[in-house]
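Structural overview
Here are the chains, one letter per residue:
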Amino acid sequence: MSKQAWSNEPAQPGEMLAMPTAARQAAARPPRQWWEFGRALLYMSPALLLLLAFTYIPFLRSIWLSFFVTNPQGDTVRFNDVRYYTRILNLDGSGRTEYLRSILTTVYFSLLVVPLGIVFALALALLATLRVRAIAVFRTIFTSSIAISVASASVIWALIYSPNTRATQWLIDLLHLNANSLLQHPATALFAVAFMTTWTSLGFNFIVTLAGLQAIPHDIYESARIDGANNWALFRYITLPLLTPTLLFLILISTIQSFQAFTQFNVLIGNEGPANATDVFVFAIFTAFWKDNRYGFASAMSVVLFLILFVLTFIQYRLLDRRVHYQ
Amino acid sequence: MSSLDTHAPPGMGQRPARIGALLQTVALYAVLSLVALLVLLPLLFALSLALQGPTLSPTLLPDFSRLDWSSFREVFREEPNLTRWIVNSFVVALAVTLGQLVTSALAAFALATMSFPAKVVFFFVFLGTLMIPWESTIIPNYLAITRLGWKDSYQGLIVPFLASGFGIFLLRQYFLTIPRDLYEAAVLDGCGPARYLWSILLPLSRPALATLAVYTFLNTWNQYYWPLLIVDSPEWRTTQIGITAFRSSEVTIYNLQMASTIIVMLPTLILLVLGQRQLVRGLTAGALKG
């Protein structure tokens, strides 16, 4: 976005000589420039102060705290070097890998949520392009889950998975599980949470995919059809390739979101799960932070999470830039 | 499969084509309805449980001859705080929405319309907040809010969210589409920047403001992690914390639990039906934030 957006900007100081009157005047009168700066600063100050206070300073403080042992009030007690980081990443040679395993659990979780989400969204979006009169109603229904909070969805799915309602008993019988609920068996717990997560993100994934489908020019289909292409060929050689940027975008967004998932784990399970099967990294941070009050250690974990998400977000921005060039 | 299936195949007679088209339409509606039913299944399940009365072993389908709607009334008596939770959520979501509109509009106006030194730096300071996930700020924020004595208070739930890099970015992009000549003409006519913002730019930017408002309201209403940390006493809970706490309370009465969940979902579901376009625009743009 940035290159285009900046094109109507005034010249930067270095380019001023090449600019006509207005810029030269500005250069001749520095006080006016400062006055303009002050006025702009005034307009930006509420947002600036709030974002400094609640985003930048806390972020820097997280990094600071991650190098210290803290007391239960959150004050730094003693410098700890990078020991928390080596502990998390098992670089200290202790062989305790529970945090690496927790990151791995998060990766598994994404590997379940992302493909499921894409497949369902694609199916729904293709259905939503059918030309029938009441299609708007169906589109609203397919979108509905974006209005449902993860907390509400978790409360509902907790009952779907509850042994008392017996709604998923057939699946437990089918799989011959030795557990009362899908959430209580190490082999199915993570999958159960992932399936529920797919449902909560269905509306969003659907709407993004539908927008991508609708952006494909219609005459491409018309001419391919005249050339004798059947429905499968249209989908395989036109829809899918032209939808690839949208799907890539969706894959990255879903991955980032699944790395940040917390609510459903806390409401549906509330602990590390059977045999730590659902101890995703964000939940492990919550445990260190909230249950154990180890603020320094939890901060180090949150910095590790930041780095993982930073890489993912960076890839996403690069991808978005490319997507703009396609069009 | 894709978008062009309702055309009758060529070479068919007029009447069979019409019957064929009719059958195809019926089939399409059948498939769409079935899929819609599957998508809505969890919600229908919640409604079914809410209508079955205070039973400990609910069935999947309610007894349609005697649906018990009393749970929607009963839940307010059983959990007297429910009204308060709804009020809390409305106060917090409305205040955060209004606050973000104000702070974002002011900052976006400066970035999009004014010329001043180091503008790029400020732009990236705002944009940079999108790269910082809330997990990496929540511990110091929690400690700071606790130290301020803002636990169990509206300011603790509201103030940390009054500005957003996303809101500034969204409005800036929209403001840039409005010709700068308009600003220069207004200034020549003796209109100050504040008045230009209020009486010209904002009215012209209603679509973007609506998008930001709907998106922010929905997100704030659905917040879970932050209120979970900040709220200790039951009357300060927001709806999301309330319904999940309801769940873990000792007596689990399914019909009341589902009734409260459905009640709490209503405002955002109504928002979806009324403001679907804005919501969709906000969500697809907001996805940038990740």
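For the structure itself, consult the block above.
The present account deals with the structure reproduced in this document. Owing to the predicted nature of the structure, the values given are computational and were not obtained by experimental measurement.

**Notes on the overall build of chain A**
Secondary structure assignment for chain A yields 14 helices and two strands. Of all intrachain contacts in chain A linking residues separated by at least 6 positions in sequence, the fraction that spans at least 24 positions is 62%. Of the accessible surface of chain A, which amounts to about 15,700 Å², a share of 63% is contributed by carbon and sulfur atoms.

**Thoughts on the nonpolar core**
In this structure, M44(A), F109(A), F142(A), F289(A), M301(A), F109(B) and F126(B) are the most contacted members of the largest nonpolar core, which totals 188 residues. The residues contacting F126(B), other than those within four sequence positions of it, are M44(A), A47(A), L48(A), L51(A), A107(B), L111(B), G165(B) and I168(B).

**Thoughts on the packing of aromatic side chains**
A full pass over the atoms with the stated rule returns 44 aromatic pairs over all chains. Here F286(A) and Y225(B) contribute two aromatic rings whose centre-to-centre distance is 5.7 Å and whose plane-to-plane angle is 85°, an arrangement assigned as edge-to-face. In this pair, F286(A) sits in helix α13 (residues 281–291) while Y225(B) sits in helix α11 (residues 225–230), so the two residues belong to two different chains. Taking the relative accessible area as the measure of exposure, F286(A) reaches 3% and is therefore buried. Within the aromatic cluster, the residues linked to one another by ring pairs are F262(A), F283(A), F286(A), F289(A), W290(A), Y295(A), W134(B), Y142(B), Y224(B) and Y225(B). Between R236(A) and the ring centre of Y237(A), over which it is positioned, the NZ or CZ distance is 5.0 Å. Of note, R294(A) hangs over the ring of F297(A), and the distance from its end group to the ring centre comes to 4.3 Å.

**Considerations on the environment of I251(A)**
All names here are of chain A. Here I251 is to be found in helix α11 (residues 231–260). A sequence separation of 36 residues divides I251 from A215, and the C-alpha atoms of the two residues are 18 Å apart. When residues no more than four places from it in sequence are discounted, the contact partners of I251 are V114 and I118.

**Thoughts on helix α5 (residues 138–147) of chain B**
Residues and elements named next belong to chain B. For α5, the tally of buried residues reaches seven of 10 residues, placing the bulk of the element in the interior. For α5, every residue scored as buried is listed here: I138, I139, P140, N141, Y142, L143 and I145. Positive backbone phi, approximately 75°, marks G149, located one or two places after α5.

**Considering the interface of chain A and chain B**
The partner chain B presents 103 residues to the 102 residues of chain A that form the contact. Both sides together, the interface formed by chain A and chain B hides about 9,400 Å², and carbon and sulfur atoms give 74% of it. The interface formed by chain A and chain B contains one salt bridge. The partner of D75(A) in a salt bridge is R147(B), with the nearest N and O atoms 3.1 Å apart. The interface formed by chain A and chain B includes 16 residue pairs in polar contact (both at pLDDT 80 or more). Ranked by residues supplied to the side of chain A that touches chain B, first place goes to helix α3 (residues 30–65) of chain A with 22 residues.

**Re the environment of L250(A)**
Residues and elements named next belong to chain A. Here L250 shows up in helix α11. Taking C-alpha positions, L250 is 9.9 Å from A121, a pair spaced 129 residues apart along the chain. Not counting the four nearest positions on each side in its chain, L250 is found in contact with I118, F204, N205, V208 and T209.

**Things to note about the packing of helix α3 (residues 82–113) of chain B against helix α9 (residues 193–204) of chain B**
Residues and elements named next belong to chain B. With their axes 11 Å apart at the nearest point, α3 and α9 run at an angle of 100° to one another. For the element pair α3 / α9, the angle class is roughly perpendicular. Packed against α3, whose contacting residues are A105, L106, F109 and T113, the element α9 presents P193, Y196, L197, L201 and L202 at the interface. Of the residues in the contact of α3 with α9, the class split is eight nonpolar, one polar and no charged.

**Details of the side chain of S102(A)**
All names here are of chain A. Here S102 is to be found in helix α5 (residues 98–127). Accessibility expressed as a relative area gives 2% for S102, which makes it buried. Aside from chain neighbours lying at most four places away, what touches S102 is D279, V280, F281 and A284.

**Quick notes on unusual backbone geometry**
For residues besides glycine, phi is generally negative; the peptide bonds are generally trans as well. Residue and element names in this part refer to chain A. In this model, R166 sits at a positive phi of 60°, which is unusual for a non-glycine residue. Its location among the elements puts R166 in the loop between α7 (150–160) and α8 (169–174). Judged by its relative accessible area of 53%, R166 is exposed. Unlike most non-glycine residues, N293 shows phi in positive territory, near 55°. With respect to the helices, strands and loops of the structure, N293 is situated in the loop between α13 and α14 (295–326).

Calculation notes
Residues numbered from 1 in each chain as written. Chains lettered and ligands numbered in written order. Predicted model: local features only at pLDDT ≥ 70, side-chain atom pairs only at ≥ 80, totals over all residues. Heavy atoms only, no water. Helix = DSSP H or I, 4+ residues; strand = E, 2+ residues; numbered from the N terminus. Contact = heavy atoms within 4.5 Å. Areas by Shrake-Rupley, 256 points an atom, 1.4 Å probe, with all protein chains shown as cover. Core = buried A, V, L, I, M, F, W, Y, C linked by side-chain atoms within 4.5 Å. Buried < 20%, exposed > 50% of the residue type's maximum accessible area, 1.4 Å probe, protein only. Phe/Tyr/Trp six-rings, centres within 6.5 Å; stacked < 30°, edge-to-face > 60°. Lys NZ or Arg CZ within 6 Å of the ring centre and 35° of its normal. Buried area = accessible area lost by both parts, 1.4 Å probe. Salt bridge = Lys/Arg side-chain N within 4 Å of Asp/Glu carboxyl O. Polar contact = N/O pair within 3.5 Å; in protein donor to acceptor, adjacent residues only side chain to side chain. Axes fitted to C-alpha atoms, helices over the stretch in contact; angles between N-to-C directions. Parallel < 35°, antiparallel > 145°, perpendicular 65-115°, else oblique. Nonpolar A, V, L, I, M, F, W, Y, C, P; charged D, E, K, R; others polar.

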